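In case you want the letters, here they are:
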Amino acid sequence: MSETSLPDELVNRVTWKIPNALALVGSRAGDERNAMTTSWITQLSMEPVIIGIGVENTAVTHRLITDGGSFTVNLWDAENTRPFVKFSKPAAYEAVDDGTGSGTLNGWPVYEAATGAPVFVDSAAWMDCEVRHSVNLGTHTLFMGELVAAGINNDDVRLASMSDTRMKYGGVKRH
């Protein structure tokens, strides 16, 4: 059975059941930096450690990762899902730096990782990745980044997943 013969509603409902971590992806190219909420994250290799993220081709994040060659994955405490709403604005899915040099994105404090991409001070854990490969898969690109730096700020919390929010992402493109 081909995908096109499946009703969109069924595709959405079934793909929304895939357990997904929820994180903020930070990106930077030159002086421009931003972050966006994502749920398409996975480890792809152990030697070297490669982290994969799916990013919509029209997103600012896509352009910054492509131009900057790196990204961060910032994992959060499941009890604090407010940042995901702040960084998932309709149509944009991200918050671009206001350019003030204040060390914040959308009011949340950040600092530069080894690659220069932003790390959130309040994240429970973070990963800094240099892009090694990318594959355009249609609406999204799979960026595969080698882990070059990482940290754990709070090892005692349960990390957030999509099921901790009312957010839904996946399935077929909604027009």
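Reading guide: rules and limits
- Residues numbered from 1 in each chain as written.
- Predicted model: local features only at pLDDT ≥ 70, side-chain atom pairs only at ≥ 80, totals over all residues.
- Heavy atoms only, no water.
- Helix = DSSP H or I, 4+ residues; strand = E, 2+ residues; numbered from the N terminus.
- Buried < 20%, exposed > 50% of the residue type's maximum accessible area, 1.4 Å probe, protein only.
- Contact = heavy atoms within 4.5 Å.
- Areas by Shrake-Rupley, 256 points an atom, 1.4 Å probe, with all protein chains shown as cover.
- Core = buried A, V, L, I, M, F, W, Y, C linked by side-chain atoms within 4.5 Å.
- Salt bridge = Lys/Arg side-chain N within 4 Å of Asp/Glu carboxyl O.

### Quick look at the overall build of the chain
Phase 1 of the analysis: A count of helical and extended segments in the chain gives 3 helices and 11 strands.
Phase 2 of the analysis: Reading the chain from its N terminus to its C terminus gives the helix and strand order α-β-β-β-β-α-β-α-β-β-β-β-β-β.
Phase 3 of the analysis: In the chain, buried positions account for 41% of the 175 residues.
Phase 4 of the analysis: A separation of at least 24 residues holds for 64% of the contacts in the chain among residues at least 6 apart in sequence.
Phase 5 of the analysis: For the chain, the accessible area works out to roughly 9400 Å², and carbon and sulfur atoms hold 53% of it.

### Describing the nonpolar core
Phase 1 of the analysis: Ranked by internal contacts, the top residues of the largest apolar core, which has 15 residues, are I53, V55, I65, F71 and V73.
Phase 2 of the analysis: Ignoring sequence-local partners within four residues, the contact set of V73 consists of A23, L24, I41, I51, I53, A125, W126 and M127.
Phase 3 of the analysis: Judged by nonpolar contacts, the second largest core, of 13 residues, contains A78, F84, V110 and A160.

### Quick word on unusual backbone geometry
Phase 1 of the analysis: Look at the link from E47 to P48: it is a cis peptide, with omega at -5°.
Phase 2 of the analysis: On the secondary structure map, P48 appears in the loop between β3 (41-46) and β4 (49-56).
Phase 3 of the analysis: Unlike most non-glycine residues, N106 shows phi in positive territory, near 55°.
Phase 4 of the analysis: For N106, the position within the fold is in the loop between β7 (104-105) and β8 (108-112).

### Some remarks on the environment of V157
Phase 1 of the analysis: Of note, V157 is situated in the segment after β11 (140-152).
Phase 2 of the analysis: Take V157: its relative accessible area is 21%, and that puts it in the partly exposed class.
Phase 3 of the analysis: Sequence separation between V157 and D77 is 80 residues; the distance between their C-alpha atoms is 5.8 Å.

### Describing the pattern of salt bridges
Phase 1 of the analysis: Across all of its chains, the model carries 4 salt bridges by this definition.
Phase 2 of the analysis: Across the pair E130 and R132 runs a salt bridge whose closest N-O atoms are separated by 2.9 Å.
Phase 3 of the analysis: On the basis of relative accessible area, E130 is assigned to the partly exposed category, the value being 30%.
Phase 4 of the analysis: Among the charged side chains, a network of salt bridges with common partners joins E130, R132 and E146.

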